[in-house]
Amino acid sequence: MSLEAKHEVLLTIPMYPDMELAAAKIASVLAELMDFEEGQIEEIQLALIETCINAFEHSQSDDQRVFIEFIMKDDALELKVTDQGVGFESDDPDASTSQRPGLYPDMHKRGWGLEIVKTLMDEVDIESGLNGTTVSVIKKKTV
């Protein structure tokens, strides 16, 4: 296993409207510093926005905060988005919603967030349990 240089930026945002856009701006600045291509930067931003919105809408977090870790590696940017909510079974990302019938009656029209993230990013990993969820995504730089 080779050691690679990495730098981390930690961000905590409240679950207020449009705070995901502030997080996306930070991701954009970091990706620009890392010399990502413009299209990749837009993909990173959109993936982070979708991931934050999922945490806002589904976590039921008592502290109403999302924790974002930006990890800048030599050849990739990794984002870890964590909430301290109710979690869900990773085989069924809609489980946290389905346990609350009627809370989001229009969800049948939505629910594409994680699929979009999986399409935009090179790697996606979800860890979820009773104490919250962490969605980790990685975007590799093109050569």
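Position numbers for residues start from 1 in each chain and track the written sequence from start to end. With pLDDT at 70 or above as the cut-off, local features in this predicted model cover only qualifying residues; side-chain atom pairs require 80 or more to be listed or tallied, and sums for whole chains, interfaces and linings still use all residues. Note: side-chain values were computed over all heavy atoms of the structure, leaving out hydrogens and water.

I'm lost on the overall build of the protein in this one. Help?
For helices the rule is a DSSP run of H or I covering at least 4 residues; for strands it is a run of E covering at least 2, with both sets numbered from the N terminus onward. When helices and strands are tallied, the protein shows four helices and five strands. When the helices and strands of the protein are placed in sequence order, the string is β-α-α-β-β-α-α-β-β. Counting all 143 residues of the protein, 41% fall into the buried class. Here, two residues are considered to be in contact whenever any of their heavy atoms come within 4.5 Å of each other. By sequence separation, contacts in the protein at least 24 residues apart represent 68% of the contacts at least 6 residues apart. The Shrake-Rupley method, run with a 1.4 Å probe, gives the accessible areas here. Residue values count only the displayed protein chains as cover. In the form shown here, the protein has an accessible surface area of approximately 8400 Å², with 51% of it arising from carbon and sulfur atoms. Note on classification: 1.4 Å probe, protein chains only; a residue is buried when its accessible area is under 20% of the maximum for its type, exposed when over 50%, partly exposed between these limits.

Whenever I open this one, the nonpolar core confuses me. Can you help?
Within soluble globular proteins, side chains that are nonpolar generally end up buried alongside one another. The nonpolar core is taken to be a set of buried Ala, Val, Leu, Ile, Met, Phe, Trp, Tyr and Cys residues, with the residues joined through side-chain atoms within 4.5 Å. Membership of the largest hydrophobic core comes to 31 residues, with the highest contact counts inside it found for Ile13, Ile44, Leu48, Val66, Ile68, Phe70 and Leu77. Those elements that provide at least two residues to this core are strand 1 (6–14), helix 1 (19–33), helix 2 (38–58), strand 2 (65–73), strand 3 (76–83), helix 4 (113–120) and strand 5 (132–140). Counting residues per element, this core draws most heavily on helix 2, which supplies seven residues. The residues touching Leu48, leaving out its near neighbours within four places in the chain, are Ala23, Ala24, Ala27, Ile68, Phe70, Leu79 and Val81.

Please explain the pattern of salt bridges as it appears in this structure.
Opposite charge on two side chains permits them to pair, given that their charged atoms come into close proximity. By definition, a salt bridge exists where a carboxyl oxygen of Asp or Glu is found within 4 Å of a side-chain nitrogen of Lys or Arg. Scanning all chains against the criterion turns up five salt bridges. The partner of Glu43 in a salt bridge is Lys139, and the shortest N-O contact between them spans 2.6 Å. Taken together, the positions of Glu43 in helix 2 and Lys139 in strand 5 put the pair 96 residues apart, joining distant regions of the chain. Classification of Lys139 as buried rests on a relative accessible area of 7%. The shortest N-O distance in the salt bridge between Lys73 and Glu78 comes to 3.1 Å.

What exactly am I supposed to notice about the environment of Thr142 here?
One can find Thr142 in the segment after strand 5. By the criterion applied in these results, polar contacts are pairs of N or O atoms within 3.5 Å in which, for protein atoms, one can donate a hydrogen and the other can accept it, and in which residues neighboring in sequence qualify only through two side-chain atoms. At 3.0 Å, the side chain of Thr142 forms a polar contact with the side chain of Glu37.

Where do I start with the sheet that holds strand 5 in this structure?
Note on sheets: strands pair through backbone hydrogen bonds, and any given pair is parallel or antiparallel. Only strands joined by at least two bridges in the DSSP assignment are considered to pair. As summarised here, the arrangement of the five strands in space is 1-2-3-5-4, forming an open sheet in which the pairing is antiparallel. Lying at the two open borders of the sheet, with one neighbouring strand each, are strand 1 and strand 4 (123–129). The mean inter-strand angle of the sheet, taken between neighbouring strand axes irrespective of direction, is 15°. Where strand 3 lies against strand 5, eight bridges are found, and the strand directions are antiparallel. Looking at the pairing, Thr82 lines up with Thr134 of strand 5. Each axis is a line fitted through C-alpha atoms, and for a helix only the stretch in contact is used; angles between axes span 0 to 180 degrees, taken between their N-to-C directions.

Explanation requested: unusual backbone geometry in the structure shown.
Generally, phi is negative for residues other than glycine and the peptide bonds are trans, each holding for most cases. Not every positive phi belongs to a glycine, and Asp35 is a case in point at roughly 65°. As for its placement among the helices and strands, Asp35 is situated in the loop between helix 1 and helix 2. Here Gln60, not a glycine, exhibits a phi torsion of approximately 55°, which is positive. Locating Gln60 in the fold gives a position in the loop between helix 2 and strand 2.

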